[in-house]
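# Analysis of the macromolecular model
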Amino acid sequence: MSNEVLLNLYEHSSRLFQLGDRITMSAPQHILLKNLHGSSPAFVLAGIFNLPMAAQLNHLVVCED
């Protein structure tokens, strides 16, 4: 499976839309994503940055390693 196909699956995920809605709230949000393995954190972040509703927002991402 190519990276583009995988990213497309993440971008059309209902959970990613829920996360995007939460990020676009007017109050600062503290969100913890757990149990993401391998390259899934990168795909989740790329999906968030590609959402039109969150593309112009500033994000601070802190990773474990």
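## Topic: the overall build of the protein
On a plain count of helices and strands, the protein comes out with three helices and zero strands. Starting at the N terminus and ending at the C terminus, the protein contains elements arranged as α-α-α. Expressed as lengths along the three principal axes of its C-alpha atoms, the size of the protein is roughly 40 × 25 × 20 Å. For the protein, contacts bridging at least 24 residues in sequence account for 64% of all contacts bridging at least 6. On the protein, roughly 5300 Å² of surface is accessible, and the fraction owed to carbon and sulfur atoms is 55%.

## Here's the deal with the nonpolar core
Counting residues in hydrophobic clusters, the biggest one holds six residues: Leu16, Leu19, Val44, Ile48, Leu51 and Ala54. Among the elements of the structure, α2 (14-23) and α3 (40-50) are those that each provide at least two residues to this core.

## Considering the environment of His12
As for its position among the elements, His12 is in the loop between α1 (3-11) and α2. Take His12: its relative accessible area is 56%, and that puts it in the exposed class. Separated by 39 residues in sequence, His12 and Leu51 have C-alpha atoms that sit 9.7 Å apart.

Reading the values: rules and limits
The residue numbering used here restarts from 1 in each chain and proceeds along that chain's sequence as written. Confidence filtering applies because this is a predicted model: local features only for residues at pLDDT of at least 70, side-chain atom pairs given and counted only at 80 or more, and all residues used for totals across whole chains, interfaces and linings. Derived side-chain values reflect all non-hydrogen atoms in the structure, with water molecules and hydrogen atoms excluded from consideration. To qualify as a helix, a DSSP run of H or I must reach at least 4 residues; to qualify as a strand, a run of E must reach at least 2; elements of each kind are numbered from the N terminus. Residues count as neighbours in contact if any of their non-hydrogen atoms are within 4.5 Å of one another. Here the Shrake-Rupley method, with its probe set to 1.4 Å, supplies the accessible areas, and only the displayed protein chains count as covering residues. Each nonpolar core is a collection of buried residues, namely Ala, Val, Leu, Ile, Met, Phe, Trp, Tyr and Cys, held together in the definition by side-chain atoms within 4.5 Å. Burial classes: relative accessible area under 20% of the type maximum marks a residue as buried, over 50% as exposed, and values in between as partly exposed (1.4 Å probe, protein chains only).

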